[in-house]
Amino acid sequence: MRRSLRRLSLLLTPALTALLVAVHPGTAYAADPTTMTSGFYVDPNSSAQQWLNANPGDGRAPAIRSSIANVPTARWFGNWSGTIGTATGAFVGAAAAQRKLPILVAYNIPNRDICAGQSGGGAGSPADYATWIAAFASGIGNRPAVVVLEPDSLGDETCMSADQIAERNGMLRNAIAQFNAKAPNTWVYLDAGNPAWMSAETMANHLAAAGVSGAHGFSLNVSNFLPTAQNTAYGNAVSAALQSANGFGKPFVIDTSRNGNGSDGNWCNPAGRRIGTPTQLGGGAEMLLWIKAPGESDGNCGTGTGSTAGQFLPQVAYNLIYG
């Protein structure tokens, strides 16, 4: 049945596809972008590659090139990305030209990282965000893509009021609807934090309230270090809790970019961590993805003291290769 519906979705306009999702929210109607492409896209303008271009003679360059820059990794989009539809369109278009599958992160929700603060910012208002995310989706259009939607947005609620949480859930539900209507060959994964944050049942409730029924699935461990097996068990438990409470389960992806040595309990540039399994299909989840770019700082903390979130630190990258 699901395969037939996916084949049908290829024949439908985005508006009709969105209507079907609204009527049957537990089913993913987007065509399978993994079968429309031949592997994942390697970003030629990643922060690691930009550093390599500027420092070709650095002794760390060969290791960073082979172990980090050549691995398919997500590109993050936010208020630094300029005209967002142009930015996402250019990135996805470059991947489509090679018949590769791009990984994008939408990271611009108002009051982003409201509790931790290291990556604070985001759109100025819900209306601004609605405009931004609609343009984000329109830039992708009919081309295949994977989108991780708003890391930390559902796990980072401990310092928010009930009204703020309800407002955020409304923004996320609208974002999913925009992708369903404007980017029908995109799989959207609503971020679900990591296993150390809250119980699977609580996270399932958060996901349901934020409209995961209309998304393809959810993402785990973004920018964190917890082992793949722990995330797999948690993801299966979250999906089972969704099934029990709402009548549908969901697949999930795991960020394995820095979990090769597991976690020491710290999240902000901890020492002794290591890159994990490179981006691939399967591996205990629907996909293992490098979502956080290894070497990009988590903020002014740990081994990244003096840096800002997202800044590429070559020594941190080099240390992640060897643990």
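In case you missed it, the structure is sitting above this.
Residues numbered from 1 in each chain as written. Predicted model: local features only at pLDDT ≥ 70, side-chain atom pairs only at ≥ 80, totals over all residues. Heavy atoms only, no water.

With that settled, consider the pattern of salt bridges. Enumeration according to the criterion identifies 4 salt bridges in this entry. As a salt-bridge pair, R258 and D298 come within 3.0 Å of each other at their nearest N and O atoms. In this pair, R258 is assigned in the loop between β6 (252–255) and β7 (280–281) and D298 in the loop between β8 (287–289) and α10 (314–322), connecting sequence segments 40 residues apart. Judged by its relative accessible area of 3%, R258 is buried. Look at D298 and you get buried, because its relative accessible area is 6%. K292 serves as the salt-bridge partner of D298, at 3.6 Å between the closest nitrogen and oxygen. On the basis of relative accessible area, K292 is assigned to the buried category, the value being 7%. Linked through salt bridges whose partners overlap, the residues forming this network are R258, K292 and D298. (Salt bridge = Lys/Arg side-chain N within 4 Å of Asp/Glu carboxyl O. Helix = DSSP H or I, 4+ residues; strand = E, 2+ residues; numbered from the N terminus. Buried < 20%, exposed > 50% of the residue type's maximum accessible area, 1.4 Å probe, protein only.)

As a general feature of sheets, a regular strand has side chains that alternate between the two faces. Counting buried residues in strand β3 (residues 145–149) gives 5 out of 5 residues, a clear majority hidden from the surface. Neither face of β3 is open: one carries A145, V147 and L149, the other V146 and V148, and all of them are buried. The sheet contact formed by strand β2 (residues 103–106) and β3 spans 4 bridges and is parallel. When the sheet's bridge partners are listed, A106 is paired in β3 with L149. Bridging between β3 and strand β4 (residues 186–191) involves 5 bridges; their strand directions are parallel. Following the sheet pairing, V148 is matched in β4 by Y189. (Pairing = 2+ DSSP bridges.)

We now examine the environment of S38. Tracing the backbone shows S38 in the loop between α2 (14–23) and α3 (47–54). Given a relative accessible area of 33%, S38 falls into the partly exposed group. If we skip the residues at most four places from it in the chain, S38 touches Q98, R99 and K100. (Contact = heavy atoms within 4.5 Å.)

Taking every second residue as pointing to the same face, both faces of β2 are buried, with I103 and V105 on one and L104 and A106 on the other. Alignment of strand β1 (residues 75–77) against β2, held across 3 bridges, turns out to be parallel. Bridged to F77 within β2 is A106. Between the parallel pair β1 and β2, the chain is carried across by helix α5 (residues 84–97), and the sense of this crossover is right-handed. (Right-handed = clockwise from strand over helix to strand, strands pointing away.)

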